[in-house]
Amino acid sequence: MRRNVSDHAEKKVVGVEALLQLPKTLSKPNKKWQLAFIKIYCSRTLLNCAKHAVRKQGLFPRSLSYTAIDLDHHQEDEHFKIDTETLNDLVKNKNQEKLESLGGPNGLVSALKTNTRLGINEETEEIERRRLTFGSNTYTRQPSKSLFYFVHGLKEGWYDGGSIYVAVFLVVAVSAVSNFRQNRQFDKLSKVSSNIKIDVVRNGRRQEISIFDIVVGDIVCLNIGDQVPADGVFVEGHSLHVDESSMTGESDHVEVSLTGNTFLFSGTKIADGFGKMTVTSVGMNTAWGQMMSHISRDTNEQTPLQTRLNKLTSSIGKVGLLYNGKKTKSDEIVNAVVEMVAAAVTIIVVAIPEGLPLAVTLTLAYSMKRMMKDQAMVRKLSACETMGSATVICTDKTGTLTLNQMKVTDFWFGLESGKASSVSQKVVEMFHQGVAMNTTGSVFKAKSGTEYEFSGSPTEKAILSWAVEELKMDMEEVIEQHDVVHVEAFNSEKKRSGVLMKKKNGQINVVHWKGAAEKILAMCSTFYDGSGVVREMKEDDMIQFEKIIQSMAAKSLRCIAFAYSEDNEDIKKLKEENLSLLGIVGIKDPCRPGVKKAVEDCQFAGVNIKMITGDNIFTARAIAVECGILTSEDEMNSEAVLEGEEFRNYSQEERLKKVERIKVMARSSPFDKFLMVKCLKELGHVVAVTGDGTNDAPALKEADIGLSMGIQGTEVAKESSDIVILDDNFASVATVLKWGRCVYNNIQKFIQFQLTVNVAALVINFVAAVSAGEVPLTAVQLLWVNLIMDTLGALALATEKPTNDLMNKKPIGRVSPLITNIMWRNLLAQAFYQISVLLVLQFRGRSIFDVFNEFNARSLEKKNVFKGLHKNRLFIGIIVVTVVLQVVMVEFLKKFADTERLNWGQWGVCIAIAAVSWPIGWLVKSVPVPERHFFSYLKWKKRS
Ligand SMILES: Nc1ncnc2c1ncn2[C@@H]1O[C@H](COP(=O)(O)OP(=O)(O)OP(=O)(O)O)[C@@H](O)[C@H]1O
Ligand SMILES: [Ca+2]
């Protein structure tokens, strides 16, 4: 090993010697450069050697004049009985021995001066002390790339003599600035999206704080779908499973418990169960933090449209080359070669619409910024353009269509609805147990205040506040009286949660279940009536209970049932049958205002809306009717509403046959949601999915466009999505749809505009090259047109805002061509006109056409191209700049661009002729085009 390193160094040194022998012929300044270079080179080499050596521990080549100083920075605080290094080592290396030597999780908790139940002290001083001692939970990221990073491609644009310089330079500058800004925007976005809210306990009060405010010693509450905010040790909880794939890349879930693995890593996700952890390392001390600092985001991701465009540009380029090749054969003599090369370059330049990919980037970047204002944060650029072609939107119910502010409005004890005061004390006590012990939420009441604070999932909060306010439950007291033996945490698969517990010092095992009403009901064989008497559940009673559930659900209430059982024997698992039903509560979750309108808008735009929910079929139906997803017509159709299980049990063919008619899928598991999206995609739909929960994550990932909710959405859902809806409102989904269509439309407009130019120029040059042997439009002029005019044109068209009539059209879907028949019609007509004029007149102020044509491109179908013009000031501004540039080029840059000066009369004629393109555009737009794509007549096979 040691030899290896010194070999390495030696080799480099030999290289340096060779370098040092400077040739004597060098001029003075050159010598200086050379020396500077050698200096930099040598220092790099030496540094490299040093790094090499350090990596191979302990091997430090003595020949180098380095002194290694071991900087030991122990800045322990006497206050805590543990130091940062021990803590870092503890979790990072899963050091079980160390943990045991500290006295296990409990010992660690006291060493960190914290408390599992109460958390740390909330005083600012205390928090600050912890921050100073152990650091803060922030990461140093790779610095943003500088503007110059994006200045590349200079060499690639080197076509002709120095005059092209300017043109190329301008384009490089424009694309560099646009890429730079886009990168900065992504940086800003990632700052917004990484500022997650975390549930912690401080001073006994559960509260939400920013992930950046977490300090060592904090007690963090973890629930399904949460991200672990820092490294830590598990202190309390049940059936907690963690998805460590973000760290290890493996997808199996790791169980975390007090007896087994107790370590939790920052950046991992909670897959199941719930619990609490105490934080041991934060920020850059965690493995995640170190990883984050090395990752820099790659914004050079290409969207599908960009890929398609790149293909288009290169194939057009090939066409240009092709006929250029033919010309080569007809030329014989060597001295024609120079001219030929020039012609070749020219033709290639014409043929490649340089501005296209740039235009797409500009359009997307611009829209992304505007969408942020409309409450949509774009995580993946391609989502903007894909959203434009969406044909189906699958949405979940809770939290997207509804407000997620739940409140218990109805309750039944046995077969009696109603008043808590008339119910026997025994039943009320059992409810206290069932609510307080079987929950992931919590209640806090400040000593001074009278108001209660509830935390947890919306359903849990609703139940807790009902129990506290209606049933006078004292949560602390109940928890103190009981010991939990085993817990089955709630998940969307089973839709229930259960607890096995004992009274302190008691013998009797008690099981409590709560969950989806009809599922709990099916587990019961007896029930408690209001007076506390156990009765057998006869068939009649069963039907009675089902009716109760249905009637509550029909009022769009979410139904949760409570069941109970007692056992003398020692059981380990929770009993699942022969339980006693305690009662049923109905939770109201009102529809969001504005949802109905948004649903209507989407449907009007030809986009199908489907609801896939985990809730009861009757509740789902009621909400669907309320939101307008289910019309009275659909209610006749028996296939419009079904349960997830039914869908799951269909054969694949049946599913494909029926899926389009389904409007509401209730009681669906995460897998059912996923399955539905997959089926729709198989039928050729472009599917958008909206969701907030972890149960939506598989569907969000599978969808063409995943939209998650910014406020209530879990981290897992957000991470699986392409767009985050910041205000959680379904109405914003409709806005995103409009933006998507706008982006697609703007890009089409631009393509039409640019291809007109290219087709015209190509034909003219071809005709001229064949007939006269020379090209009338020089490379400089063409580059000018292609790069400057088109880039500006791209800017102008990219910033057209969405209009309402975008929502009047049918969705584009997956298969329609990028260049539609309508576009071909407009394009060919304009190109034809330009060609005829130019061939007749042979003068060179041609790009004036562009200005007029740019107006024409504003609308692909509408005849009035000026509509709404005054609203887009940028468009007008760019037109003015274009005109000025054109005048400057024609009038003053004669030598540079090889143009002819024109007198007033000639200008007038030019403008008049160019203006004719308006009426032509107007006329052409009334020519009908066939529905079928032009190329399909030619039987062209698509390669995609
Ligand atoms: N904390 C809970 N404890 C017990 N049961 C619950 C709890 N929360 C919800 N449920 C039950 O599970 C069902 C919801 O399951 P799921 O999580 O799949 O859907 P959701 O996310 O709430 O709704 P959606 O899919 O429409 O967004 C509810 O209808 C309710 O009956
Ligand atoms: Ca949900």
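Residues numbered from 1 in each chain as written. Chains lettered and ligands numbered in written order. Predicted model: local features only at pLDDT ≥ 70, side-chain atom pairs only at ≥ 80, totals over all residues. Heavy atoms only, no water.

A. Quick peek at the overall build of the chain. Helix and strand counts for the chain come out as 35 helices and 26 strands. Taken over 944 residues, the chain has a buried fraction of 52%. Restricting the contact set of the chain to residue pairs at least 6 apart, pairs at least 24 apart contribute 71%. Counting only carbon and sulfur atoms, one obtains 56% of the accessible surface of the chain, whose full area is about 45,800 Å². (Helix = DSSP H or I, 4+ residues; strand = E, 2+ residues; numbered from the N terminus. Buried < 20%, exposed > 50% of the residue type's maximum accessible area, 1.4 Å probe, protein only. Contact = heavy atoms within 4.5 Å. Areas by Shrake-Rupley, 256 points an atom, 1.4 Å probe, with all protein chains shown as cover.)

B. Inspection of the coordination of the calcium ion (ligand 2) at higher detail. Within the protein, the atoms that donate to the calcium ion (ligand 2) are Asp396 (OD), Thr398 (O) and Asp692 (OD), at distances of 2.3 to 2.7 Å. Residue Thr398 is classed as buried on the basis of its relative accessible area, which comes to 13%. (Donors = N, O, S within 2.8 Å, 3.2 Å for Na, K, Ca; no water.)

C. Expanded view of the environment of Ile548. Take Ile548: it is sitting in helix 18 (residues 539-554). In the structure, Ile548 is positioned 132 residues away from Glu416 in sequence and 10.0 Å away in space, judged by C-alpha atoms.

D. Seen up close, the site of ligand 1. Neighbouring ligand 1 are 21 residues; Asp396, Glu460, Thr613, Asp615 and Lys673 lie closest to it. A distance of 3.1 Å is found between an oxygen atom of ligand 1 and a side-chain nitrogen or oxygen belonging to Arg667. Isolated, ligand 1 exposes 630 Å² of accessible area, and the fraction of that covered by the protein chains is 94%. Of all elements in the fold, only helix 15 (458-470), strand 16 (509-516) and strand 19 (557-567) reach the threshold of two or more residues within the shell around ligand 1. Within the shell around ligand 1, the residues separate by chemical class into four nonpolar, eight polar and nine charged. Formed jointly, the shell around ligand 1 draws a minimum of three residues from each of two domains, domain 3 (376-403 + 592-728) and domain 4 (407-588). (Near = heavy atom within 4 Å. Polar contact = N/O pair within 3.5 Å; in protein donor to acceptor, adjacent residues only side chain to side chain. Nonpolar A, V, L, I, M, F, W, Y, C, P; charged D, E, K, R; others polar. Domains from an automatic or database assignment.)

E. Looking closely at the sheet that holds strand 8 (residues 376-378). Ordered in space as 8-26-25-24-9-21-23-22, the eight strands form an open sheet in which the pairing is mixed. Each end of this open sheet is capped by a strand with a single partner; those strands are strand 8 and strand 22 (641-643). Across the sheet, the mean angle from the axis of one strand to that of its neighbour is 20°, orientation sign disregarded. Sheet topology note: the strand 21 (residues 608-612)/strand 23 (residues 664-666) ladder contains two bridges and is parallel. Looking across to strand 23, one finds that Met611 is bridged to Val664. (Pairing = 2+ DSSP bridges. Axes fitted to C-alpha atoms, helices over the stretch in contact; angles between N-to-C directions.)

F. Layout of the confidence of the model for the chain. For the chain, mean pLDDT is 76; residues scoring 70 or higher make up 66% of the total. Contacts of residues 320-331 to residues separated by more than four positions or lying in other chains number 16 contacts, the stretch itself having pLDDT below 50. Per-residue pLDDT stays below 50 along residues 936-944; that stretch engages in five contacts with residues further than four places along the chain or on separate chains. (pLDDT = per-residue confidence, 0-100.)

G. Region of interest: unusual backbone geometry. We note that Ser239 has phi near 35°; this positive angle belongs to a residue other than glycine. You can see Ser239 is positioned in strand 4 (residues 231-243). On the basis of relative accessible area, Ser239 is assigned to the partly exposed category, the value being 27%. With a phi angle near 45°, Arg667 is a residue other than glycine that sits in the positive phi range. Within the fold, Arg667 resides in the loop between strand 23 and helix 24 (670-682).

H. Region of interest: helix 18. Spanning 16 residues, helix 18 covers 22 Å between terminal C-alpha atoms, matching the ideal 22 Å at 1.5 Å per step. Buried within helix 18 are the following residues: Asp541, Phe545, Ile548, Ile549, Met552 and Ala553. The buried residues of helix 18 occupy an angular sector of 130° when the element is viewed end-on, so they sit on one face. Within helix 18, the exposed residues directed more than 90 degrees away from the buried face are Glu539, Asp540, Lys547 and Ala554. (Expected span 1.5 Å × (residues − 1). Arc of directions from axis to C-beta.)

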